Amino acid sequence: MEELSRIMPPPPGGGDPVGWDALRVDTGWELPADYRDFVAVYGMGTISDSIGISTPRFEGSPYEDHLLFRAEQRLADGELTWASNEAGDDFLWRCFGDPERWEVIVRPRSRRQDHTYDMGMAEFLLRLVRGEIHPPLEAELAMPATFESWREEEKRLLDDDGNLEGF
């Protein structure tokens, strides 16, 4: 996380306050430590206005759709989507065994072929923003990578009267 934070600065207000212990008790889910660290530092938001990172529901979250929303349906095949981009490419974990060993899967919108990476989410993102790996994405990731939290996006989209622009 330290190197990722140097390359892609986290948002000024930090991440999101997910209650990981309560989540484990309520759902039985233990999520990877690097993901929990990412959420603490960055939170829910978007990388380079392209890859939307999901988090579990947390106090103050304005969204109903979150990481474990309808998770039972998505976990039938042992996979959990933690991000997607505007082109419909998905980023998932293969959820077998120890969460610290879950693989990252990139599933292009075409769904023709998954691409599996034997690394955690934080290492995957670090190598992606460094340009060391090149998954077959349908959308281009602007470099240098930036991160915009949902809070920053919300502020940017609000007009002077506090309404979302265009609504």
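Scroll up to find the structure this text is about.
Residues numbered from 1 in each chain as written. Predicted model: local features only at pLDDT ≥ 70, side-chain atom pairs only at ≥ 80, totals over all residues. Heavy atoms only, no water.

J.: Sorry, what's going on with helix H3 (residues 33–41) here?
T.: An α-helical segment advances 3.6 residues per turn. Residues three or four places apart therefore align on the same side. The complete set of buried residues in H3 reads Asp 34, Tyr 35, Phe 38 and Val 39. End-on view of H3: buried residues confined to an arc of 140°, all on one side of the axis. Turning to H3, the residues buried within the fold contact helix H1 (2–7), helix H2 (20–27), strand S2 (51–53), strand S4 (90–94), helix H5 (121–130) and strand S7 (147–149). Downstream of H3 by one or two residues, Gly 43 has phi in the positive range, about 80°. (Buried < 20%, exposed > 50% of the residue type's maximum accessible area, 1.4 Å probe, protein only. Helix = DSSP H or I, 4+ residues; strand = E, 2+ residues; numbered from the N terminus. Arc of directions from axis to C-beta. Contact = heavy atoms within 4.5 Å.)

J.: Would you explain the packing of aromatic side chains in this entry?
T.: Two aromatic rings, taken as a pair, are described by how far apart their centres are and by the angle between their planes. A full pass over the atoms with the stated rule returns 13 aromatic pairs. With 6.0 Å between their ring centres and 45° between their planes, Phe 58 and Trp 150 make a pair best called tilted. In this pair, Phe 58 is assigned in the loop between S2 and helix H4 (71–74) and Trp 150 in helix H6 (residues 150–157), connecting sequence segments 92 residues apart. For the residue pair Phe 58 and Trp 150, the accessibility class agrees, reading buried in each case. One aromatic cluster is present, built from ring pairs that chain together Trp 20, Trp 29, Tyr 35, Trp 82, Phe 91, Trp 93, Trp 102, Tyr 117 and Phe 124. (Phe/Tyr/Trp six-rings, centres within 6.5 Å; stacked < 30°, edge-to-face > 60°.)

J.: I keep staring at the pairing of S4 and nothing clicks. Help me out?
T.: Walk down a regular strand and you will see the side chains alternate between the two sheet faces. Most of S4 sits out of view: four of its five residues are buried. In this structure, strand S3 (residues 79–85) lies alongside S4, joined through five bridges in antiparallel fashion. If you follow Glu 79 over to S4, its bridge partner there is Arg 94. Taking the residues that link successive antiparallel strands as the turn, the S3-S4 hairpin has four residues, and the phi of Gly 88 there is positive, at about 95°. (Pairing = 2+ DSSP bridges.)

J.: Is there a simple way to think about the nonpolar core in this case?
T.: Nonpolar side chains tend toward joint burial in soluble globular proteins. In this structure, Ile 53, Trp 82, Phe 124 and Leu 125 are the most contacted members of the largest nonpolar core, which totals 38 residues. Put simply, the parts of the chain that give this core at least two residues each are H2, H3, S2, S3, S4, strand S5 (103–107) and H5. If you tally residues by element for this core, the top one is H5, at six residues. (Core = buried A, V, L, I, M, F, W, Y, C linked by side-chain atoms within 4.5 Å.)

J.: When you look at the sheet that holds S2 in this model, what are you seeing that I'm missing?
T.: Taken in spatial order, the seven strands line up as S6-S5-S4-S3-S2-S1-S7 in an open sheet, and their pairing is antiparallel. Among the strands making up the open sheet, the edge pair consists of strand S6 (115–117) and S7. On average, adjacent strands in this sheet sit at an angle of 30° to one another, irrespective of strand direction. For S4 and S5, the ladder comprises five bridges, and the chain directions are antiparallel. By the bridge assignment for S5, Leu 92 is matched with Ile 105. Across the sheet, H6 is in contact with strand S1 (45–47) and S7; its angle to S7 comes to roughly 75°. (Axes fitted to C-alpha atoms, helices over the stretch in contact; angles between N-to-C directions.)

J.: Whenever I open this one, the environment of Ile 133 confuses me. Can you help?
T.: By the secondary structure assignment, Ile 133 is in the loop between H5 and S7. Residues Ile 133 and Tyr 117, spaced 16 residues apart in sequence, show a C-alpha to C-alpha distance of 9.6 Å.

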